[in-house]
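The residues making up each chain are set out below.
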Amino acid sequence: MVVRESLRPVLQQCYRFGGHVTGLRDDQGRLVDGVRLLWALAGIESDYGRLAEFARHEPAYMPRGRYYTQSIEQRQAWARWGITAACSFGAWQVMAATAREMGYDGPPHGLIDHETCCRVATALITRRFVIAHGVTTLRDVFDAYNSGNARDGVVPSAYITKGLAAYGLELPTL
Ligand SMILES: [Ca+2]
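Quick caveat, the model's predicted, so the values are computed rather than measured.

Enquirer: What should I look at first to understand the overall build of the protein in this one?
Expert: Scanning the protein from N- to C-terminus turns up eight helices and three strands. The order of helices and strands in the protein, counted from the N terminus, is α-α-β-α-α-β-β-α-α-α-α. Within the protein, the fraction of its 174 residues that count as buried is 40%. In the protein, 55% of the contacts between residues at least 6 apart in sequence involve partners at least 24 apart.

Structure (structure tokens):
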């Protein structure tokens, strides 16, 4: 299956960064394909990039929110970027604050760029979930991607089911 032309830029980034995702297994014990994983995440987060410019705001990152209260960096980001500092953006719907923690120092809306967003999403999976948190399963990646952590007791079952289903779909070629 060849991907539709409009979705090609998103798929290209999946092929570009997918090789960085290693050491994960699916429910059957098979090695996870990073390309397929990034494509599945783009699918459930933004309908494969069709909604990449959609911004979702998270109350926890806004004034009086939990993360806002705890983080001086978030308060500084809010002062500089306003509401966009509390939003997720792009084909992989990455939170501006999460991107900052992964070393991204551009404006929040810069995450609409597919390469930038995919780079940050890949870093989130490999550096935070796999290396820092010790995640080893596909299921736990979907858990952490949605709830921030696979070990926090918050298990977003519907999201995980959607993610596993998206991962199981045929991966298009470029
Ligand atoms: Ca969780």
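Enquirer: Would you take a moment to explain helix α8 (residues 157-168) for this structure?
Expert: A turn of α-helix holds 3.6 residues, and therefore any two residues three or four places apart point the same way. With 12 residues, α8 extends 16 Å between its outermost C-alpha atoms, agreeing within 8% with the 16 Å of an ideal straight helix rising 1.5 Å per residue. Close packing links the buried residues of α8 with α2 (34-46) and α7 (138-147).

Enquirer: Quick question: what am I supposed to make of the sheet that holds strand β2 (residues 87-89) here?
Expert: Backbone hydrogen bonds are what pair the strands of a sheet, in a parallel or an antiparallel way. The antiparallel open sheet is built from three strands, whose spatial order is β1-β2-β3. Each edge of the sheet is formed by a strand with only one pairing partner; in this case those strands are β1 (56-57) and β3 (94-95). Strand direction decides the pairing type here: β2 and β3, joined by two bridges, are antiparallel. In the strand pairing of β3, Ser-88 is matched with Met-95.

Enquirer: What is the right way to look at the nonpolar core in this model?
Expert: As a rule of thumb, nonpolar side chains are buried together in soluble globular proteins. Of all hydrophobic cores here, the largest spans 49 residues; its most connected members are Leu-38, Ala-42, Val-94, Ala-121 and Val-141. For this core, the element with the highest residue contribution is helix α6 (residues 114-132), accounting for nine residues. Ignoring anything within four residues of it in the chain, the contact list for Val-94 reads Ser-88, Phe-89, Ala-99, Leu-111, Cys-117, Val-120 and Ala-121.

Cut-offs applied
Residues numbered from 1 in each chain as written. Predicted model: local features only at pLDDT ≥ 70, side-chain atom pairs only at ≥ 80, totals over all residues. Helix = DSSP H or I, 4+ residues; strand = E, 2+ residues; numbered from the N terminus. Buried ≥ 20, exposed ≤ 12 C-beta atoms within 10 Å, placed from the backbone. Contact = placed C-beta atoms within 7 Å. Expected span 1.5 Å × (residues − 1). Pairing = 2+ DSSP bridges. Core = buried A, V, L, I, M, F, W, Y, C linked by C-beta atoms within 7 Å.

Shape descriptors only; they carry no functional weight alone.
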